[in-house]
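Understanding the architecture of this molecule
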Amino acid sequence: MKKLKSAREIPIGTAIEDAGCSREYHTGSWRNFRPIHDKEKCVNCLTCWIYCPDGCVQVKDGKVVEFDLKYCKGCGICAEECPAKGKAITMVPEEKKE
Amino acid sequence: MKHKRKKMSAGSAAPTSRKKVISGNHAVSYGAMLSRVQVVSAYPITPQTQIVEMLSKLCGSGQLKAKFIKVESEHSAMAACIGASIAGTRAFTATSSQGLALMHELIHWAANARLPIVMADVNRAMGPGWSIWTDQNDSLSQRDTGWLQLYCESNQEVLDTVIQSFKIAEKIYLPVMVVLDAFVLSHTSEPVDLPNIKLVDKYLPPFKPKIKLDLQDPHSFGGLTTPEHNFELKYKMQVAMAEGVRAAKKADQDFKKVFGRNYGIIEPYRCQEAEIILVTSGTITSTSRDVIDELRKKKQKIGLLKIRMFRPFPAQDVIKVLRRAKKVAVIDRNISYGVGGIFCQEIKAAFGNEKKQPSIFGFITGLGGRDVTPETIMEIVTHTKKNKYPKQPIIWIGLKK
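Predicted, not measured: the structure shown is a model, and the values here were computed from it.

Focus on the overall build of chain B
- For chain B, the helix and strand inventory stands at 14 helices and 15 strands.
- On C-alpha atoms alone, chain B measures out to a radius of gyration of 21 Å, which is about the 21 Å that the 2.2 N^0.38 rule sets for 401 residues.
- Considered along the principal axes of its C-alpha atoms, chain B spans approximately 65 × 65 × 40 Å.
- Looking at the 401 residues of chain B, the share that counts as buried comes to 48%.
- Contacts spanning at least 24 positions in sequence make up 80% of the contacts within chain B whose residues lie at least 6 apart.

What about the interface of chain B and chain A?
- Each partner contributes to the interface: chain B provides 19 residues, whereas chain A provides 13 residues.
- For the side of chain B that touches chain A, the element with the most residues is helix 10 (residues 227-259) of chain B, which contributes 6 residues.
- Tallied by class, residues from the side of chain B that touches chain A come to 8 nonpolar, 7 polar and 4 charged.

Let's talk about the nonpolar core
- B:Ala110, B:Val178, B:Val279 and B:Val330 are the most contacted members of the largest nonpolar core, which totals 116 residues.
- Of all the elements, helix 8 (residues 155-172) of chain B adds the most residues to this core, at 8 residues.
- Shared between two domains, this core takes at least three residues from each, and those domains are domain 1 (14-259) and domain 2 (266-396) of chain B.
- For B:Ala110, the residues in contact, after removing those within four places along its chain, are B:Met78, B:Cys81, B:Ile82, B:Leu115, B:Ile117 and B:Pro175.
- Counting 13 residues, the second largest nonpolar core, distinct from the first, contains A:Cys56, A:Phe67, A:Tyr71 and A:Ile89.

Structural notes on the packing of helix 2 (residues 24-34) of chain B against helix 8 of chain B
Residue and element names in this part refer to chain B.
- Running from N to C, helix 2 and helix 8 point in directions that differ by 25 degrees, and their axes come no closer than 8 Å. Judged by the angle between their axes, helix 2 and helix 8 are roughly parallel. In the packing of helix 2 onto helix 8, the handedness of the crossing is right-handed. For the pair helix 2 and helix 8, contact is made by Gly24, Ala27, Val28, Tyr30, Gly31, Ala32 and Leu34 and by Asn155, Val158, Leu159, Val162 and Ile163, respectively.

Topic: the sheet that holds strand 4 (residues 91-95) of chain B
Residue and element names in this part refer to chain B.
- Read across the sheet, 7 strands follow the order 3-2-4-5-7-6-12 without closing on themselves; strand pairing throughout is mixed. The two strands at the open ends of the sheet, each matched to only one other strand, are strand 3 (67-70) and strand 12 (309-311). Taking each pair of neighbouring strands and ignoring which way they run, the sheet shows an average axis angle of 20 degrees.
- One ladder, built from 6 bridges, connects strand 5 (residues 118-123) with strand 7 (residues 176-181); its direction is parallel. Looking at the pairing, Val118 lines up with Val176 of strand 7.
- Here helix 4 (residues 74-86) sits on the sheet and contacts strand 2 (39-42), strand 3 and strand 4; the angle it forms with strand 4, its principal contact strand, is near 165 degrees.

Observations regarding the confidence of the model for chain B
Residue and element names in this part refer to chain B.
- Averaged over chain B, the pLDDT score is 95; the fraction of residues at 70 or greater is 97%.
- For the stretch residues 4-11, pLDDT sits under 50, and the model shows 1 contact to residues farther than four places along the chain or on other chains.
- Predicted complex, confidence summary: ipTM 0.75, pTM 0.90.

Topic: helix 10 of chain B
Residues and elements named next belong to chain B.
- Its 33 residues place the ends of helix 10 46 Å apart at the C-alpha level, agreeing with the 48 Å of an ideal helix rising 1.5 Å per residue.
- All of the buried residues in helix 10 are Ala240, Gly244, Ala247, Ala248, Ala251, Asp252, Phe255 and Phe259.
- Next to the buried residues of helix 10 lie strand 6 (148-151), helix 8, strand 8 (189-195), helix 9 (197-203) and strand 12.
- Positive phi appears at Gly260, one or two residues downstream of helix 10, with a value of about 80 degrees.

So, the domain arrangement of chain B
Residues and elements named next belong to chain B.
- Assigned domains of chain B: these are domain 1 (14-259) and domain 2 (266-396).
- If you average the C-alpha positions of domain 1 and of domain 2, the two centres end up 28 Å apart.
- Of the residues lining the interface, 26 residues belong to domain 1; the matching set on domain 2 comes to 21 residues.
- Examining the composition of the side of domain 1 that touches domain 2, we find that 5 residues originate from one element, helix 10, more than from any other.
- Across the side of domain 1 that touches domain 2, the residue classes tally to 14 nonpolar, 8 polar and 4 charged.

What to know about the environment of B:Gln50
All names here are of chain B.
- Residue placement: Gln50 occurs in helix 3 (residues 49-61).
- Residues Gln50 and Val245 lie 195 residues apart in sequence; the distance between their C-alpha atoms is 31 Å.
- With near-sequence residues (within four places) excluded, Gln50 lies in contact with Ser23, Asn25 and His26.

Digging into the pairing of strand 2 (residues 57-60) of chain A
- Inspection of the sheet shows strand 2 of chain A paired to strand 3 (residues 63-67) of chain A by 4 bridges, in the antiparallel sense. Note that in strand 3 of chain A the partner of A:Val57 across the bridge is A:Phe67.

Topic: helix 14 (residues 374-386) of chain B
All names here are of chain B.
- The end-to-end C-alpha distance of helix 14 is 18 Å, a good match for the 18 Å that 13 residues give at a rise of 1.5 Å each.
- The complete set of buried residues in helix 14 reads Thr376, Ile377, Ile380, Val381 and Thr384. One side of helix 14 carries all its buried residues, which in axial view fall inside an arc of 140 degrees. Facing away from the buried side of helix 14 by more than 90 degrees, the exposed set consists of Pro374, Thr382 and Lys386.
- Residues of helix 14 that are buried sit in contact with strand 10 (276-280), helix 11 (284-297), strand 11 (302-307), strand 13 (327-332) and strand 14 (359-364).

Each value, and the rule that gives it
- Residue positions are given per chain, counted from 1 along the sequence in the order it is written.
- The naming scheme follows written order: chains are lettered A onward, ligands numbered 1 onward.
- With the structure being a predicted model, the display of local features is reserved for residues of pLDDT at least 70 and the display and counting of side-chain atom pairs for 80 or more, all residues being used for whole-chain, interface and lining totals.
- Secondary structure elements follow DSSP: runs of H or I no shorter than four residues count as helices, runs of E no shorter than two count as strands, and numbering proceeds from the N terminus.
- For this measure, only C-alpha atoms enter the radius of gyration; the expected value for a globule follows 2.2 Å times N^0.38, where N is the number of residues.
- We call a residue exposed when 12 or fewer other C-beta atoms sit within 10 Å of its C-beta, buried when the count reaches 20 or more, and partly exposed for counts in between; the C-beta positions come from the backbone.
- Contact between two residues is assigned when their C-beta atoms, built from the backbone, lie within 7 Å.
- Throughout this entry, Asp, Glu, Lys and Arg are counted as charged residues, while Ala, Val, Leu, Ile, Met, Phe, Trp, Tyr, Cys and Pro are counted as nonpolar. The remaining residues, Gly among them, count as polar.
- By definition, a nonpolar core groups buried Ala, Val, Leu, Ile, Met, Phe, Trp, Tyr and Cys residues that connect through C-beta atoms lying within 7 Å of each other.
- An automatic or database domain assignment is the source of the domain bounds shown.
- Only the contacting stretch of a helix is used when fitting its axis, a line to C-alpha atoms as for every element, and angles between N-to-C directions run 0 to 180 degrees.
- Roughly parallel means an angle under 35 degrees; roughly antiparallel, over 145; roughly perpendicular, 65 to 115; everything else is oblique.
- Each helix crossing is assigned a hand: it is left-handed if the near helix lies turned anticlockwise from the far helix by less than a right angle, otherwise right-handed if that turn is clockwise.
- Paired strands, as defined in this entry, are two strands with at least two bridges between them according to DSSP.
- Scored between 0 and 100, pLDDT is the confidence that the predictor attaches to each residue.
- By this rule, a helix spans an expected 1.5 Å times one less than how many residues it contains.
- This arc is taken over the directions from the axis of the helix to the C-beta atoms.

Encoded structure:
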């Protein structure tokens, strides 16, 4: 966890001076459910990539590779929208993950 | 006429000001124009309408080079001002009563976002009973939003306070509300000195915020703030508010240097050796001045303290004046139901930790626009003289029981 800023360091009025600073905020710590990807079932339609609100679906050469767990909040939208037969993404409770 | 004008310009310098007989509402509009506001967004409401009409006219004629944004409500008017201010422009609006209440959510937003917006509020009673007449419950119900509040006594003070308010707001990055009584000021004409805009430019340089919305230099505003940081933001607002007392005093003194007149954040009037001091705000002050003058003629030891700045509350300055008196009579044209007069509450709280304090009487009068006359003030003086201590927390004056 990075050091929290003091009152002196924080800019007034909720202004954020540097663009792109949400990168520093690891929203993956919010996650209760983790998406598990089944490569066998996946048809690489990239529907999950389109729907993911945090851009966590990592794609290489047109294929889903993995999920960026640093930022994935575990919202499950990818699993919900997955059109593959039998679903290529399942949400597993964090405490039950392998 | 032509000849006269020629003669004036033949002089070595342009006139520093010109006199004009204008209403309090138009004093607000001219104040905004002279401050070179860049964005005006407002929704009309009696008794504020003429402020907006005049500003719209000035924008239309090109006398004021500002964008006039028409909106469907006061909520949107403040939203537009917030956007304009974030984009780095000097933004202004005006409202009253129900309109101010509708704006409430964004009144908090403007302050929390630390935007130096200036707004005029024409004091009008909150309905029902449906009313267009003056009392202070509209502005005072915005007490805890983080806006500075300055209460005016004359049309000249209204114009000058609008100009001063931008100076204060842009120094401490908090919005300022300029408050004036409905009709008694808003629709009453008085001779007002309109300063030359070049002098105002000297006093009030263009607004250049530290951070603004800029496509070439991206920043983010008003985002989610977690408990880890929000507490500190609130603390910084209080620091800025406290700084507001000093900033307002300085803006007022600097104003005197340029324009030759000022008001103080509070004004003690004939308080020398006063045993009783009346405390007033707004136009009740003028009425009380007359009464004080009459009583002083009769060698009575009585004075007056006008509170111009209500937020931040200049407690130390107020105590310094009032602690010398035996009795203080606070006249409130407002009420916090269940407690009493709001200025009275503030003054009692200011004296909270003081060992020696005067007996503080809380009078309520003039609610819903009931006239406050010299007789009303005399009744208050008589009551205060007669009683050693206030017998009840609220003393109603002019009430038909």
